[in-house]
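Below are the chains, spelled out letter by letter.
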Amino acid sequence: MATITELKDTVTQIRRDIVRMVHANSSGHPGGSLGCAEFLTALYFDVMNHNTDFTMDGINEDIFFLSNGHISPVFYAVLSRRGYFNISELATFRRIDSRLQGHPTPHEGLEGIRMASGSLGQGLSTAIGAALTKKLNDDDSIVYTLHGDGELQEGQVWEAFMYASGKQVDNLIATIDYNQKQIDGTIDEVLPIGNLTAKLEAFDWVVLEELEGNNVEAIINTLNRAKELTGKKKPVAIILHTEMGNGVDYMMGTHKWHGSAPNDEQLSKALSQNTETLGDY
Amino acid sequence: MEMKDTRSGFGAGLTELGRTNQNIVALCADLTGSLNMNNFKDENPDRFFQIGIAEANMIGIAAGMTIGGKIPFTGTFANFSTSRVYDQIRQSVAYSGKNVKICASHAGLTLGEDGATHQVLEDIGMMKMLPHMVVINPCDYNQTKAATIAISEYIGPVYLRFGRPKVPNFTPIDQKFEIGKALHLRTGNDATIIATGHLVWEALEAAKTLSDEGISTEVINIHTIKPLDNEAILKSVKNTKCVVTAEEHMINGGLGDSVAQLLSRKRPAPIEMVGVNDSFGESGPPMKLMEKYGLTAADIITATRKVITRKLND
C-alpha cells in the first residue's frame, strides 16, 4: 500500500501528464481532469481491489465507470501510471490511430476501459447493470462511478438514481465531482442543481459529503466510510467538493479551463508548479 | 392457417432460453404482458428486471449487465426501443460493443389504434446505420421464436423487431434460424419479391395471384436486414432482372433502401418499393391501416406489374 506521500507524488505526476497530454494536441479537458486527480489516484492506488491484468468481465474485483468521459486525460494517466498500459501511450492521446480517444471507449481495446462515455448521463445506468450482474454472480465486489455535477442536468441520471435505491443496488458507490462549474459558466448560472444532498437523500440514497475533494487522505477516508455503508440495502453517493483546475494556479477558480488547452508558456508555468516525481512519459 | 402474433413467438423463445441458458437475463420497461415476458419472469424471478418507465436507464443497465457475462434481452415497444434511446444504444451498446439483444414489439402500423406516437416506421433505418448492429425482422410466430433463440448464440448487439397482431404462422415449427441467411420461399422468373416481417405473407399471397395471371415471381424472405444476404438477392435478380421490396416500414432507410443500394452497385435493375412513403401513421384497426398505407398483397401485385413493365420497356 502506498503512503500518503507517495500518493501525493503520484498526483503531482498525473497533473503533469494531464497538462502535457492536452497541450500536445491543443485539445482536451484539463480543468475537470485536474480536479479529479486526487480522487482517481485514491481509488486506483489505494481503495479499489482491482487487477491491472485487465479482463472485461472484472469478476471478483471492484470496477469503476467514468460517466463524465471528457475528463479522459486523468483517467488515462491514472490507468497507465497504475500499470494497465504503458505510459508511453499517453503520447498518443487524441492522435489518429490511438487507443486513447478523446473520450474513453473499449472500442479500441484499451485496458481499463469497460464502457464508452462522453455523451453525458449514461454512466450510472451502466454501472447499475454491472452491479446487478455482480449480485447474480455472487461477486461481493463494489462498483464505483464518477459523475460531473453539470452532468446531473441529464434526465437519465435521475432514472438511474431512482432505480438504484428502489431496487436496493447496495454494491454501488457513486461520486459526484462537485466543482460547481460547467462549460458555459457556474452551475448556478447555467441551471442550478439546488441542494444536491437533499435531492439524493430524497431519492433514498445514503449521502456522504467530502469538503476536501482534493485532499487524497480525506478522500481515502471518505471512500472507506462509503465502503462500510455498502451491503445495507441502499446505494451510496459521495458529493466530492473539488476545485476545477486544481494544482495549476491560473486554471483554478474559473470554468474557463473546462475544455481549453494551455499554450507553450502556460504549459511551462503549469509544469513549474508541479515538479516531476515519477518521470514524464 | 393458424394465426399467431410474433410477440408471442418472442415470449416463447425467451421462455425456452430461460430454461436452457442461465446467463440470459431479461429487462422490461413496464410492458411485461405486451411483450409476453411473463413466463420468463415467473420462471426466473431473479433474472428478470422490471426497470419501470425508464427506457434510457434500461438500455444502460443492459449494457452494464454484459460485464460479468450476462446476456440481456430488453423488451419494450419498438418506438421506445429505438428512437427514444438512440444515443444510449449508440454509445453504451453499439460503440461499446456490448452483447445486448434489443427486442422490440408493436413495430409499424399494425400496432393499430394507439396511433402514430407509438407506430415507429423508422426503426430499421436507425438501427441498421449503427456500425455492427444486426437487424432482424422475422415474419411469423415460429420464425420469431427461432430468431429469439438464435440471437442468444451470437455475440454482439442485435435489434430484433416483431409485432402485435395475429398473422398467419406459416414457417416450419422446427426451423433453424441462420442470421443473415435469406430464405427462398418460392421460385420464379419474371420478378423477385423481397419482403420482411409481416409483408412476407402478403408477398406469398401476391405471388399466388400473379401466378394465376401467368406471372412467375420469386419470393425471398429477408428476416435479417443487416447483414443483408447480398448473394441470394443478386443471384435471384440475375435471373429475374427486376425487384419489388415490401416492408412495414418507411421506404427511407428500410429494406428497400438496402436492396436498392446493393443493386445500384452490383447489378442495376428496376426496383419498386412497397412501404410507407414519408408519412406518419394514424389510429385504426391494423389491417385497415395496412390497406390505407398501401402495404398489402394487392399493393405488391400492382408494384410487381409495374416493375415488370419497366423492365420490358428498358
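Being a predicted model, the structure only gives us computed values, none of them experimental.

Examining the overall build of chain A
Across its full length, chain A carries ten helices and seven strands. Taken against the 2.2 N^0.38 rule, which gives 19 Å for 281 residues, the C-alpha radius of gyration of chain A at 17 Å falls within 12% of a compact globule. Across its three principal directions, the C-alpha atoms of chain A cover 50 × 45 × 35 Å. Going through the 281 residues of chain A one by one, you find that 59% of them count as buried. Counted over contacts in chain A with a minimum sequence separation of 6, partners at least 24 positions apart contribute 75%.

Observations regarding the interface of chain B and chain A
Between chain B and chain A, the residue contacts involve 27 residues of the former and 31 residues of the latter. Counting the surface lost from both chain B and chain A, the interface buries some 2,300 Å², and carbon and sulfur atoms represent 56% of this. Three residues, Ile67, Gln91 and Tyr95 of chain B, lead the burial of chain B against chain A; their summed loss comes to 29% of the area buried on that side. Between chain B and chain A we count 17 residue pairs in polar contact (both at pLDDT 80 or more) in total. Listed by contribution, the elements that provide at least two residues to the side of chain B that touches chain A are β3 (48-50), α3 (55-65) and α5 (86-95) of chain B. Tallying contributions element by element places α3 of chain B first for the side of chain B that touches chain A, with eight residues. When grouped by side-chain class, the residues that make up the side of chain B that touches chain A number ten nonpolar, eleven polar and six charged.

Looking at the sheet that holds strand β9 (residues 183-186) of chain B
Residues and elements named next belong to chain B. Read across the open sheet, the five strands follow the order β9-β11-β10-β13-β14; overall the sheet is mixed. This sheet does not close on itself; its edge strands, each paired only once, are β9 and β14 (271-276). For this sheet, the mean inter-axis angle between neighbouring strands, taken without regard to orientation, is 25 degrees. Taken together, the five bridges between strand β10 (residues 191-195) and strand β11 (residues 217-221) define a ladder with parallel strand orientation. Bridge pairing in β11 links Thr192 to Glu218. Strands β9, β10, β11 and β13 (243-250) of the sheet are contacted by helix α8 (residues 199-212), whose axis makes an angle of about 170 degrees with β11.

Some thoughts on the domain arrangement of chain B
All names here are of chain B. Annotation of chain B at the domain level lists domain 1 (3-168) and domain 2 (183-313). When each unit is reduced to the centre of its C-alpha atoms, the spacing between domain 1 and domain 2 is 26 Å. Between domain 1 and domain 2 lies a buried interface of about 2,500 Å² when both sides are counted; carbon and sulfur atoms form 60% of it. Ranking the residues of domain 1 by area buried against domain 2 places Leu109, Leu121 and Lys128 at the top, with a combined share of 26%.

What to know about the packing of helix α6 (residues 155-166) of chain A against α3 of chain B
The geometry of α6 of chain A relative to α3 of chain B is characterised by a closest axis approach of 8 Å and an angle of 70 degrees between their N-to-C directions. Here α6 of chain A lies roughly perpendicular to α3 of chain B, going by the angle between them. Where α6 of chain A abuts α3 of chain B, its residues Gln156, Glu159, Ala160 and Tyr163 of chain A lie against Glu55, Ala56, Asn57 and Ile61 of chain B.

Considerations on the nonpolar core
Residues Ile128 and Trp205 of chain A are the most contacted members of the largest nonpolar core, which totals 77 residues. Both of domain 1 (3-168) and domain 2 (183-313) of chain B provide at least three residues apiece to this core. Every residue in contact with Trp205 of chain A, bar those within four places of it in the chain, is listed here: Leu124, Phe161, Ala164, Ser165, Leu172, Ala174, Leu200, Pro235, Val236 and Ala237 of chain A.

Structural notes on the pattern of salt bridges
Applying the stated criterion to the full structure yields 22 salt bridges over all chains. A salt bridge links Lys135 of chain A to Asp170 of chain A; its shortest N-O distance comes to 2.7 Å. Remark: Asp170 of chain A occurs in the loop between α6 and β3 (172-178) and Lys135 of chain A occurs in helix α5 (residues 123-136); sequence separation between them is 35 residues. What makes Lys135 of chain A partly exposed here is its relative accessible area of 35%. Accessibility expressed as a relative area gives 9% for Asp170 of chain A, which makes it buried. In this structure, Glu272 of chain B and Lys306 of chain B form a salt bridge, with 3.7 Å as the shortest nitrogen-oxygen distance. Of the two residues, Glu272 of chain B is situated in strand β14 and Lys306 of chain B in helix α12 (residues 297-313); the sequence distance between them amounts to 34 residues. Look at Glu272 of chain B and you get buried, because its relative accessible area is 15%. By relative accessible area, which is 47% here, Lys306 of chain B ends up partly exposed.

Regarding helix α10 (residues 264-272) of chain A
Residues and elements named next belong to chain A. Turning to α10, its buried residues number three or more, namely Leu267, Ala270 and Leu271. All buried residues of α10 project into a common sector of 95 degrees when viewed along the axis, lining one side. Exposed residues on α10 whose side chains face more than 90 degrees from its buried face are Glu265 and Ser272. Where α10 is buried, its residues meet α1 (4-25). A side-chain oxygen of the first residue of α10 lies 3.1 Å from the backbone nitrogen of Glu265; this N-cap is Asn263.

Observations regarding the sheet that holds strand β1 (residues 63-66) of chain A
Residues and elements named next belong to chain A. Pairing is parallel in the open sheet, where five strands are placed in the order β1-β2-β3-β7-β6. The two strands at the open ends of the sheet, each matched to only one other strand, are β1 and β6 (206-210). Averaged over all adjacent pairs, the angle separating strand axes in this sheet is 20 degrees, with direction ignored. One ladder, built from six bridges, connects strand β2 (residues 143-148) with β3; its direction is parallel. Following the sheet pairing, Leu146 is matched in β3 by Thr175. Strands β1, β2 and β3 of the sheet are contacted by α5, whose axis makes an angle of about 175 degrees with β2.

How each quantity is defined
- Residues numbered from 1 in each chain as written.
- Chains lettered and ligands numbered in written order.
- Predicted model: local features only at pLDDT ≥ 70, side-chain atom pairs only at ≥ 80, totals over all residues.
- Heavy atoms only, no water.
- Helix = DSSP H or I, 4+ residues; strand = E, 2+ residues; numbered from the N terminus.
- Rg over C-alpha atoms; globule rule 2.2 N^0.38 Å.
- Buried < 20%, exposed > 50% of the residue type's maximum accessible area, 1.4 Å probe, protein only.
- Contact = heavy atoms within 4.5 Å.
- Buried area = accessible area lost by both parts, 1.4 Å probe.
- Polar contact = N/O pair within 3.5 Å; in protein donor to acceptor, adjacent residues only side chain to side chain.
- Nonpolar A, V, L, I, M, F, W, Y, C, P; charged D, E, K, R; others polar.
- Pairing = 2+ DSSP bridges.
- Axes fitted to C-alpha atoms, helices over the stretch in contact; angles between N-to-C directions.
- Domains from an automatic or database assignment.
- Parallel < 35°, antiparallel > 145°, perpendicular 65-115°, else oblique.
- Core = buried A, V, L, I, M, F, W, Y, C linked by side-chain atoms within 4.5 Å.
- Salt bridge = Lys/Arg side-chain N within 4 Å of Asp/Glu carboxyl O.
- Arc of directions from axis to C-beta.

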